[in-house]
Amino acid sequence: MGMSAEDERAASPRDEEWPEAEKAEKLARGAALKWASGVFYRPEKLEGLGHYRSRETQRNSSIQSRLKSTVQSYLEGVSAGLEQLRSAAQEVQSICQDLGAARWALLDGADRFQGLQQMRALVAEHVQLASVVQVLPQLFSVHEVFSHTLQLLRGQNLLEAHAELMMMEHLRDDILSQLHLHGLSSAQATVLSYFGGLQELNESLAKQLWDIVGNSLQLVHEDPVLFVTAVRIIEREEKIDDTLLLEATFLPPGRPKGWRQKFYHVLRETITGAHFHAARVDAEGPGLAKHLAMLQKDIVAELRVVKDLMVQCVPAHYDILGVCTATYHQALTTHLQDILREDLDKQALFLLLEWALCVYHSPQMMGHPDLLPEVDVSALGPLMSPELVDQTERKYVVKVKASVLEWMQRTLEVEFKEWFREEEPEMDHQGFFQSALPIIVMQMLNENIQVASLITDSLQKKVYDMALEELEAFLGRLREALAQCGKEHQKDRSTPKYYVSYLLAMLNNNLALSSSVSSLHPDVARREVPASLRDALDRTQKKACQLLLEELLLDLQPLCLQLPSRKWLSGSQLVGSICEVIDKYAKDFSHVRKPIFTLLLMESELLVTSQYLQALMQKKMVCKSEEKRDQLCDRLLQDAAQLRELFCGLGLDQSQQSLEAIFAVQELICLKDPTLLSLEVLGFITKYPDVSDEHVSTLLDLRGDVSREVRHMVLEMMAQHPQVLPESYRPIFSTIPVPAPELPHCLGKAKCA
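This structure is a prediction, so every number in the text was calculated from the model and none was measured.

**Q** So what's going on with the overall build of the protein? Which residues, and what values?
**A** The secondary structure content of the protein amounts to 26 helices and zero strands. The contacts of the protein with a sequence gap of at least 6 include a subset with a gap of at least 24, amounting to 77%. Counting only carbon and sulfur atoms, one obtains 56% of the accessible surface of the protein, whose full area is about 42900 Å².

Right, here's the structure in full:
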């Protein structure tokens, strides 16, 4: 198991030379010890020690035999390789000797090769002369071929003529190519001059080809062979162009011809010139409609010819249907832009918008069943750009606005002309006054909005906005006309004869406009009236009501001027006369619809109340005795009750009346104890916050028994309790002027007592 001293000494140099071997041996020993300790850790396992020893001995013998075999085969391979290297070195040495001998042999024969250069030049010259000899018959017959080709062209034998033309061009190009290769550029001019007839033949052939292409839509019907011939010739020339461009060594004059692109150009020019380069288009409605209808008919017919016939006459890569469709589309785009530069009326603008946005894509034109699915203009973009559509829509709206303005002004003039007739306005089946004004206005606006809806939603929205603006402006002009008519009526109340009736009809008309204006909105779910238009309608209603109340005031003022007076105080029929005037107007008011009727009653009642109170505050009366105050209070109570009964009988609820102010004034005057006036006035100003110090002072003067101290106390109390007007409060006293202070009198300067 151990090693001798000699073995260790013999192993030392090896270990120093191969440290990896020493490391591997240590690892192997460690592994062996670990294995042995794991197997023989129990005494009874030592019995199998002999078995393990014999097995490991056999295993070591096997490994050693395999190692010897491997080393032996490696040594044999090294020996064979060395033998091959020795043989290769001998062969290389032999080849070097042979190459050296060949080099010296070549150096000896170099002078002999100089004579071959002259032989090579003579051979090249002989080849060139042989080529010239071969083409001499063709060169001598060039002008004869030119004449024959020209005759063929005149006889429209285009394929034969083109074949001879290609042959002549090929001959010329070969000669020019040889001259170019040999640097004989000076001789090229002579060749070009000799073949000068080719240019004339080319131009003649091209002219016929482009004439054929220009009449292609007709020829594919009548003589498709001629058109197919032209296309075949163009394709021949395209192949020659492609071949020469690929070689890129020498490009003959006139190449590339680019006849396929010329084919497209001529076709486009033919289409454009036939329909879009005519004289100035009639921009008026009928003329433009006829022009657009003709374009629609011609384009559909020609595209059907292209799709059904021309497509079969040209190669598929021509995409002839797509080219023609794009040409029509682009030409129409430019043509419509040219037309839109003119000053068009609204009918012409509508026709263009309808044609470009609706008709063009419809089954009557580009969506025609005979053209689908091959013709598809959706990929070509819109016929009119969004910017141009918006600009055209705005122009259309401006024209429609001018037309609407003219019609509305005419309607307004006719409306007010009817006011001066010798008959009342017409009534509906319910007995309400009315005129045709709201029907005419709403029908006009609605028709324009509905017409715009046939084009686009954006145009409909623009026309709708314009309609509301024009309606608002119309209401402004209507108010001005009402004001002017009111001024003229003030000068002569006999004209118009049925002034009040027509004002009532105008109120009904305004109510009809207010109820129907929401129906103009295109969207049923969003039918709301703009605030500015609602304000305009409210102002128009208020203006008509104001004129009616002014008319009522003119009839009431002579009666109110008699207040207060002894005659009135003693029980005259003055208020009865006022009631008769109110009743007369109420009968007229019955010809307006209920919301306006109620409003007029409320305003009339407020007017009567304010006029009655204003008459009391003119300082015509000062009561110096309690008897006179009682008499005044009774009169006020009777008048207020009579007026209240009148308005309640007319249908005005007591809660809607302002006559309560007269009752409040009556209570203030009837107060027995003047010292309680501060409390009474406090309740009075709380109920009527628009009462001023002047109003209260005037009422205190009317009592005639208020001392300076009490007056001062009342006014001081009012100063300590300033009032704020509620939002829903209807002003009464703020509309009543108070005369300047003067010495108190009963009637004029006479005393009541």
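**Q** Can you break down the environment of Glu 426 residue by residue, with the values?
**A** Here Glu 426 lies in the loop between α14 (386-418) and α15 (437-453). Given a relative accessible area of 46%, Glu 426 falls into the partly exposed group. Taking the C-alpha atoms as reference points, Glu 426 and Tyr 502, separated by 76 residues in sequence, lie 9.5 Å from one another. In this structure Glu 426 touches Phe 432, Phe 433, Gln 434 and Ser 435, once residues within four positions along its chain are discounted.

**Q** Could you give an account of the packing of aromatic side chains, naming the residues involved and the relevant values?
**A** The way to describe two aromatic rings as a pair is by their centre distance and the angle between their planes. Following the criterion strictly, the structure yields 15 aromatic pairs and no others. The interplanar angle of 40 degrees and the centroid separation of 6.0 Å between the aromatic rings of Phe 350 and Tyr 396 together place this pair among those described as tilted. Highlighted residues: Phe 350 in helix α13 (residues 346-359) and Tyr 396 in helix α14, separated in sequence by 46 residues. Relative to Phe 733, the ring of Tyr 688 has its centre 5.7 Å away and its plane inclined at 70 degrees; by these criteria the two rings are edge-to-face. A residue pair is termed long-range when its members are at least 10 positions apart, and Tyr 688 in the loop between α24 (677-687) and α25 (693-703) and Phe 733 in the segment after α26 (708-720) qualify at 45 residues. No difference in accessibility class separates Tyr 688 from Phe 733, as the two residues are buried.

**Q** Kindly report on the state of the cysteines, identifying the contributing residues and their values.
**A** Evaluated as defined, the whole model comprises one disulfide. Cys 633 shares a disulfide with Cys 670; S-S distance 1.9 Å. In this pair, Cys 633 sits in helix α22 (residues 626-649) while Cys 670 sits in helix α23 (residues 660-670), placing the two residues 37 residues apart along the sequence.

**Q** Outline the pattern of salt bridges, supporting the account with residue identities and numerical values.
**A** What the rule picks out here adds up to 32 salt bridges. One salt bridge in this structure joins Lys 307 and Glu 374, with 3.9 Å as the shortest N-O distance. Of the two residues, Lys 307 is situated in helix α11 (residues 285-308) and Glu 374 in the loop between α13 and α14; the sequence distance between them amounts to 67 residues. For Arg 410, the salt bridge is made with Glu 406, and the minimal N-O distance between the two is 2.8 Å. Note that Arg 410 and Glu 406 are positioned in helix α14 at a spacing of four residues, about one turn of the helix. For Arg 410, a relative accessible area of 38% translates into the label partly exposed. Judged by relative accessible area, which is 47%, Glu 406 ranks as partly exposed. Overlapping salt bridges bring together Asp 390, Glu 393, Arg 394 and Lys 462 as one network.

**Q** I'd like to hear about a nonpolar patch on the surface, residue by residue, with values.
**A** A grouping of Val 71, Tyr 74, Leu 75, Val 78, Leu 82 and Leu 85 is seen on the molecular surface, where their side chains present a nonpolar patch of about 610 Å² in accessible area. Note on placement: Leu 82 falls in helix α3 (residues 49-140).

**Q** Go over the packing of helix α21 (residues 594-616) against α23, please, and point to the residues and values.
**A** Interhelical geometry of α21 versus α23 gives an angle of 25 degrees and a closest axis separation of 9 Å. The angle between α21 and α23 places the two elements in the roughly parallel class. Seen from α21, the contacting residues are Thr 609, Tyr 612 and Leu 613; seen from α23, they are Ala 661, Ile 662 and Val 665. Of the residues that constitute the contact of α21 with α23, the class distribution is five nonpolar, one polar and no charged.

**Q** Lay out the nonpolar core with the relevant residues and their values.
**A** If you look at soluble globular proteins, the nonpolar side chains tend to sit buried side by side. Counting 192 residues, the largest nonpolar core has Phe 227, Phe 263, Trp 568 and Phe 733 as its most contacted members. Among the elements that take part in this core, helix α18 (residues 531-560) stands out by supplying 13 residues, more than any other. Trp 568 has contacts with Gln 562, Leu 563, Leu 574, Val 575, Tyr 612, Leu 616, Leu 632, Arg 635, Leu 636 and Asp 639, leaving out every residue within four places of it along the chain.

**Q** Which residues make up unusual backbone geometry, and what values go with them?
**A** For the peptide bond that leads from Leu 372 to Pro 373, omega is 0 degrees, which places it in the cis range. Tracing the sequence through the fold places Pro 373 in the loop between α13 and α14. Thr 495 connects to Pro 496 through a cis peptide bond whose omega is -10 degrees. Mapped onto the elements, Pro 496 comes out in the loop between α16 (457-491) and α17 (499-516). A positive phi angle, close to 45 degrees, is found at Asp 319, a residue other than glycine. Inspection of the secondary structure assignment puts Asp 319 in the loop between α11 and α12 (320-340). Taking relative accessible area as the criterion, Asp 319 reaches 47% and is therefore assigned partly exposed.

**Q** Give me the lowdown on the packing of α18 against α21, citing residues and values where you can.
**A** The interhelical angle for the contact between α18 and α21, taken along N-to-C directions, is 40 degrees, at an axis separation of 10 Å. Read as a crossing pair, α18 and α21 show a hand that is right-handed. On α21, the residues touching Gln 541, Cys 545, Leu 548, Leu 549, Leu 552, Leu 553, Leu 556, Gln 557 and Cys 560 of α18 are Ile 596, Leu 599, Leu 600, Glu 603, Ser 604, Leu 607, Val 608, Gln 611 and Ala 615.

**Q** Explain the side chain of Ser 697 to me, using residue names and the numbers behind them.
**A** By the secondary structure assignment, Ser 697 is in helix α25. Beyond its immediate chain neighbours, meaning those up to four positions away, Ser 697 contacts Arg 711 and Leu 715.

**Q** Got a sec to walk through the side chain of Gln 208? Specific residues and values, please.
**A** Relative to the helices and strands, Gln 208 resides in helix α7 (residues 197-214). Non-local contacts of Gln 208, meaning those with residues more than four positions away in its chain, are made with Leu 153, Arg 154, Gln 156 and Leu 158.

**Q** Please give an account of the environment of His 695 that cites residues and values.
**A** Relative to the assigned elements, His 695 resides in helix α25. The buried category is assigned to His 695, whose relative accessible area is 4%. When the C-alpha atoms of His 695 and Leu 613 are compared, they prove to be 10.0 Å apart, with 82 residues separating the residues in sequence. His 695 has contacts with Met 617, Asp 690, Phe 733, Ile 736 and Val 738, leaving out every residue within four places of it along the chain. Among the polar contacts made by the side chain of His 695, one reaches the side chain of Ser 692 at a distance of 2.9 Å. Of note is the side chain of His 695, whose polar atom sits 2.9 Å from the backbone oxygen of Ile 736.

Conventions used here
Residues numbered from 1 in each chain as written. Predicted model: local features only at pLDDT ≥ 70, side-chain atom pairs only at ≥ 80, totals over all residues. Heavy atoms only, no water. Helix = DSSP H or I, 4+ residues; strand = E, 2+ residues; numbered from the N terminus. Contact = heavy atoms within 4.5 Å. Areas by Shrake-Rupley, 256 points an atom, 1.4 Å probe, with all protein chains shown as cover. Buried < 20%, exposed > 50% of the residue type's maximum accessible area, 1.4 Å probe, protein only. Phe/Tyr/Trp six-rings, centres within 6.5 Å; stacked < 30°, edge-to-face > 60°. Disulfide = S-S within 2.5 Å. Salt bridge = Lys/Arg side-chain N within 4 Å of Asp/Glu carboxyl O. Patch = residues over 30% accessible without salt bridge, like charges linked within 9 Å, V, L, I, M, F, W, Y side chains within 5 Å. Axes fitted to C-alpha atoms, helices over the stretch in contact; angles between N-to-C directions. Parallel < 35°, antiparallel > 145°, perpendicular 65-115°, else oblique. Nonpolar A, V, L, I, M, F, W, Y, C, P; charged D, E, K, R; others polar. Core = buried A, V, L, I, M, F, W, Y, C linked by side-chain atoms within 4.5 Å. Left-handed = near helix turned anticlockwise from the far one by under 90°. Polar contact = N/O pair within 3.5 Å; in protein donor to acceptor, adjacent residues only side chain to side chain.

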